[in-house]
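Here are the chains, one letter per residue:
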Amino acid sequence: MSVLRTESALQTEGLTRISANASSVQLLKSKLLENDGSPSVDDNSNIFGEKDSHTIAATLKLLLRDMKEPLLTFNLYYDFLNLGLISNLSERLIVLRALLLQLPQQNYMFLLDLLSFLRDMDLNSDANKMHAANLAIVFAPSLLRAEVQTNDLQQVTQENALSIE
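The rules behind each value
- Residues numbered from 1 in each chain as written.
- Predicted model: local features only at pLDDT ≥ 70, side-chain atom pairs only at ≥ 80, totals over all residues.
- Heavy atoms only, no water.
- Helix = DSSP H or I, 4+ residues; strand = E, 2+ residues; numbered from the N terminus.
- Buried < 20%, exposed > 50% of the residue type's maximum accessible area, 1.4 Å probe, protein only.
- Contact = heavy atoms within 4.5 Å.
- Areas by Shrake-Rupley, 256 points an atom, 1.4 Å probe, with all protein chains shown as cover.
- Polar contact = N/O pair within 3.5 Å; in protein donor to acceptor, adjacent residues only side chain to side chain.
- Core = buried A, V, L, I, M, F, W, Y, C linked by side-chain atoms within 4.5 Å.
- Axes fitted to C-alpha atoms, helices over the stretch in contact; angles between N-to-C directions.
- Parallel < 35°, antiparallel > 145°, perpendicular 65-115°, else oblique.
- Left-handed = near helix turned anticlockwise from the far one by under 90°.
- Nonpolar A, V, L, I, M, F, W, Y, C, P; charged D, E, K, R; others polar.

Another point: the overall build of the protein chain. If you tally the helices and strands in the protein chain, you get ten helices and zero strands. Along its sequence from the N terminus, the protein chain presents helices and strands in the succession α-α-α-α-α-α-α-α-α-α. Here the protein chain holds 165 residues, and 38% of them are scored as buried. Across the protein chain, every contact between residues at least 6 apart in sequence was considered, and the portion connecting residues at least 24 apart equals 73%. A total accessible area of about 10100 Å² is found for the protein chain, and carbon and sulfur atoms account for 52% of it.

Rendered as structure tokens:
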């Protein structure tokens with residue numbers, strides 16, 4: 001994500017919202033996944049080359065969306081949703097910390113890096129127009145989802161409301 005943390009990228013309007021060229025995104029995704037089906041983190045700087053920020057951000061979103069299991073794993077799905085039901089902020093943070101520590105180490109480490117990037121995006125929201133609520137709308141469905149998808153509109157609405165809180 002370091003290529004998205006440059007000042008110019010962080011100030012790009014709609015960085016994670018505006019679509020990129022689909023074939024460029026698929027090509028970049030393929031290059032990143034060449035080895036064993038998981039993103040390579042070994043010196044990808046030359047893979048990105050002259051790719052624009054929107055293409056790189058769109059590839060990040062696609063990689064997250066296409067994960068077999070989301071970063072906030074299926075078995076913790078309802079536990080994360082229930083955080084929204086805890087009214088006491090201190091208690092909610094204690095439970096959140098306990099849940100995060102239950103994540104696989106690789107998920108936890110990537111989530112920390114992603115959240116740091118999203119914080120940087122929010123800090124530059126005057127320029128990029130990606131405030132925390134916009135970032136939640138873009139990323140929450142890829143980070144936290146049920147193993148079995150539902151078409152029940154009431155349940156989907158309730159889950160989306162809890163994830164944005």
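Having seen it, we continue.
Bringing the side chain of Asn107 into the picture now. Within the fold, Asn107 resides in helix H7 (residues 105-123). Not counting residues within four places of it along the chain, the set of residues in contact with Asn107 comprises Pro70, Leu71 and Thr73.

Within the secondary structure layout, Asp52 lies in the loop between helix H3 (45-48) and helix H4 (53-65). The class for Asp52 is partly exposed, based on a relative accessible area of 41%. The spacing of Asp52 and Leu15 is 37 residues in sequence and 10.0 Å in space, taken between C-alpha atoms. A polar contact is formed between the side chain of Asp52 and the backbone nitrogen of His54, at a distance of 3.0 Å.

Of all hydrophobic cores here, the largest spans 33 residues; its most connected members are Leu72, Phe80, Leu103, Leu114, Phe117 and Phe139. When residues of this core are traced back to their parent elements, those giving at least two are helix H2 (22-32), H4, helix H5 (77-82), helix H6 (89-101), H7 and helix H9 (132-143). Here the element with the most residues in this core is H7; it accounts for six residues. Residues within four places of Leu114 in sequence aside, it is in contact with Met1, Leu60, Leu64, Leu71, Phe139 and Leu143.

With that out of the way, let us pick up the packing of H4 against H9. At a closest axis distance of 8 Å, the pairing of H4 and H9 adopts a crossing angle of 30°. The orientation of H4 with respect to H9, classified from their angle, is roughly parallel. You can see that H4 and H9 cross each other, and the crossing is left-handed. Across the interface between the two elements, Leu60, Lys61, Leu64 and Arg65 from H4 touch Val138, Phe139, Ser142 and Leu143 from H9. Across the contact of H4 with H9, the residue classes break down as five nonpolar, one polar and two charged.

Relative to the assigned elements, Phe117 resides in helix H7. Sequence-wise, Phe117 and Leu10 are 107 residues apart; in three dimensions their C-alpha atoms are separated by 9.0 Å. In contact with Phe117, not counting residues within four places along its chain, are Met1, Leu4, Arg5, Leu10, Leu15, Thr16 and Leu60.

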